[in-house]
Structure formats: structure tokens, C-alpha cells
Amino acid sequence: MTVPVIAIDGPSGSGKGAVASAVAARLGFHLLDSGALYRILGVAAHRTGLDFSDSGALSELAANLEIEFGRTGPDSVHLAGEDISTEIRTDLGSRLASEVGAIPAARQALHERQLAFRQPPGLVADGRDMGTVVFPDALLKIFLTASVEERAQRRYKQLIAKGIDAILPDLLRDLNERDARDSQRSVSPLKPAADAIVLDTTELPLPAVIEKVMDLVHERLPGTPS
Ligand code: DC
């Protein structure tokens, strides 16, 4: 039997990470945070001073990254034994990930790694191209959206809650830049799969989005945990 995949795609701040991890936990499925892979590659390339236009070097680096998820907690990420969980979530980490994501050789190199996450009893995969490119045969494809203003507000609240200074107009500008780069790139641009269900979360609180996705999962996979 093929291992079921639930693909959750969407732009930054659409809530896909939170929805994907909650749905995976409730179903007892594995979780792929594909954005984390792009973030790790971006940070690793930046640290080594690698020239992003050198596709060969970038592929080699991607193929050899020693990544470990979840060693010290659900969101922890280690690179060659070093905890880089916080570093990959900084604004620089976001920008580097988006830049690396626009390079075809980097996407190619990370493709196999993403497929390896498909293990029984199932996988919830979050990203930009889970339903279009990486898992085109996903059982359920969700595309989450929200207005850019709402997404910037969410990011602002998250940062302030963590005690990090933030300027709303700067966050809005960064999100617009990242959206443009992610949607306009030639390879795997951010767009809903033809058979994706698009959910606008601008007015929908997180618990309601999670329930909606769980309902859709149960329609397609009767008998899975609730
Ligand atoms: O989901 P995230 O915000 O952690 O992703 C960070 C960046 O990584 C995003 O701006 C574009 C890139 N990315 C990608 O190109 N393809 C994916 N499947 C996931 C992320």
C-alpha cells in the first residue's frame, strides 16, 4: 500500500507550519518541514561563504548536509551535531532559504531527502511545492493563504511575544519581497496544485483551520485517529 501524504502548501505566515504539526501529531503521522531544509542549506552555504551561483558546489553541499531533526525537542535542528534551531529561524535564515529555493540545483539536491520522509503510517508535508512537485500523488492537498497584512501581523505578534523587537512595515516589505521571489521563480513556484483545496485563513483562527483539515483527512482516510 502506498504511504498516504497530506500536502500543506502556502506562503510565509499562512499558518501551514502550525497546522501541519498539529495534524501530524493528531494522526500519528511523520512530519516534513521542507522549509527547514531550505533554511539549513541557506545557512550552511552562507557560513562557508559559498557563491550561490556555483550550482555544483551548492548541490554537493546539499547532498552532504548532516541534518538531525528533533534531537532535543520537536522543533530542534542539528547540523553536524551543532544546534542551529534558532539560527535558521532568523530573518537572515528566511532570506537565505528563499534565495536558495530559487536555484534549480538546490531544489534538485533536496528532492530525494524529502521523499525519504514518506514512511508508514503516513506523512504530513509542509512547504511551497509539496502538492505540485514533491508529492504530486498526495492523498490530500491543502493550500493555505491569508492576506499579506494579516500574515505580517501574525509574524509581528510572534516576534514581540518572544521579546524580539519588530517593525511592522519592515515585516510587510520583507514578506512582499519573499512572496514575489517564491511565486515568480522559474522552478517549482509557489502556486496551488490543480487539485488542491484552497483555504483562506485571514479570518479563520488556527484551531478552526486544524479542524477543517482534520475533517478533510477523515473524508479521504476513514478510520484515521481524530
Ligand atoms: O516555509 P518557510 O517559511 O520555512 O520557508 C522558507 C523559504 O524556503 C521560503 O521562503 C522558500 C523556501 N522553500 C521552498 O522554496 N520550497 C519549499 N518546499 C519550502 C520552502
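Residues numbered from 1 in each chain as written. Predicted model: local features only at pLDDT ≥ 70, side-chain atom pairs only at ≥ 80, totals over all residues. Heavy atoms only, no water.

*Asks:* Would you mind showing me how to read the site of the ligand here?
*Replies:* Taken together, 16 residues lie around the ligand, and Lys16, Arg39, Arg107, Arg128 and Asp182 are the ones closest in. Interatomic distance of 2.7 Å between a side-chain N/O atom of Arg107 and an oxygen atom of the ligand. Taking Arg128, its side chain carries an N or O atom lying 2.9 Å from an oxygen atom of the ligand. Of all the secondary-structure elements, those providing two or more residues to the shell around the ligand are helix H2 (34-47), helix H4 (91-101) and helix H8 (168-184). For the shell around the ligand, the class distribution of residues is 3 nonpolar, 5 polar and 8 charged. (Near = heavy atom within 4 Å. Polar contact = N/O pair within 3.5 Å; in protein donor to acceptor, adjacent residues only side chain to side chain. Helix = DSSP H or I, 4+ residues; strand = E, 2+ residues; numbered from the N terminus. Nonpolar A, V, L, I, M, F, W, Y, C, P; charged D, E, K, R; others polar.)

*Asks:* Teacher, can you tell me more about helix H9 (residues 206-220) here?
*Replies:* Note: α-helices contain 3.6 residues per turn, so residues at a spacing of three or four share the same orientation. An ideal rise of 1.5 Å per residue puts 21 Å on 15 residues; H9 measures up with 22 Å between its terminal C-alpha atoms. The complete set of buried residues in H9 reads Val209, Ile210, Val213, Met214, Leu216 and Val217. Projected down its long axis, H9 shows its buried positions confined to an angular sector of 160°, all on one face. Exposed residues pointing more than 90 degrees away from the buried face of H9 are listed as Pro207 and Glu219. (Expected span 1.5 Å × (residues − 1). Buried < 20%, exposed > 50% of the residue type's maximum accessible area, 1.4 Å probe, protein only. Arc of directions from axis to C-beta.)

*Asks:* Where do I start with the nonpolar core in this structure?
*Replies:* Nonpolar side chains in soluble globular proteins tend to be buried together. Leu41 and Phe135 are the most contacted members of the largest nonpolar core, which has 34 residues in total. Mapped by element, the contributors of at least two residues to this core are strand E1 (5-9), H2, helix H3 (55-64), strand E4 (77-79), H4, helix H5 (104-115), strand E6 (123-127) and helix H6 (130-134). A total of 8 residues in this core trace back to one element, the largest contributor, which is H2. The next biggest cluster of nonpolar side chains, apart from the first, holds 20 residues, and it includes Ile6, Ala24, Leu199 and Val209. (Core = buried A, V, L, I, M, F, W, Y, C linked by side-chain atoms within 4.5 Å.)

*Asks:* Quick question: what am I supposed to make of the sheet that holds strand E3 (residues 67-69) here?
*Replies:* Through backbone hydrogen bonds, the strands of a sheet pair up, either in parallel or in antiparallel fashion. The sheet built from 3 strands is open, its strands ordered E3-E4-E5 with antiparallel pairing. Pairing within the sheet leaves two strands with one partner each, and these edge strands are E3 and strand E5 (82-83). Alignment of E3 against E4, held across 3 bridges, turns out to be antiparallel. Counted as the bridge partner of Ile67 is Leu79 from E4. Running over the sheet, H2 touches E3, E4 and E5 and is turned about 140° from E3. (Pairing = 2+ DSSP bridges. Contact = heavy atoms within 4.5 Å. Axes fitted to C-alpha atoms, helices over the stretch in contact; angles between N-to-C directions.)

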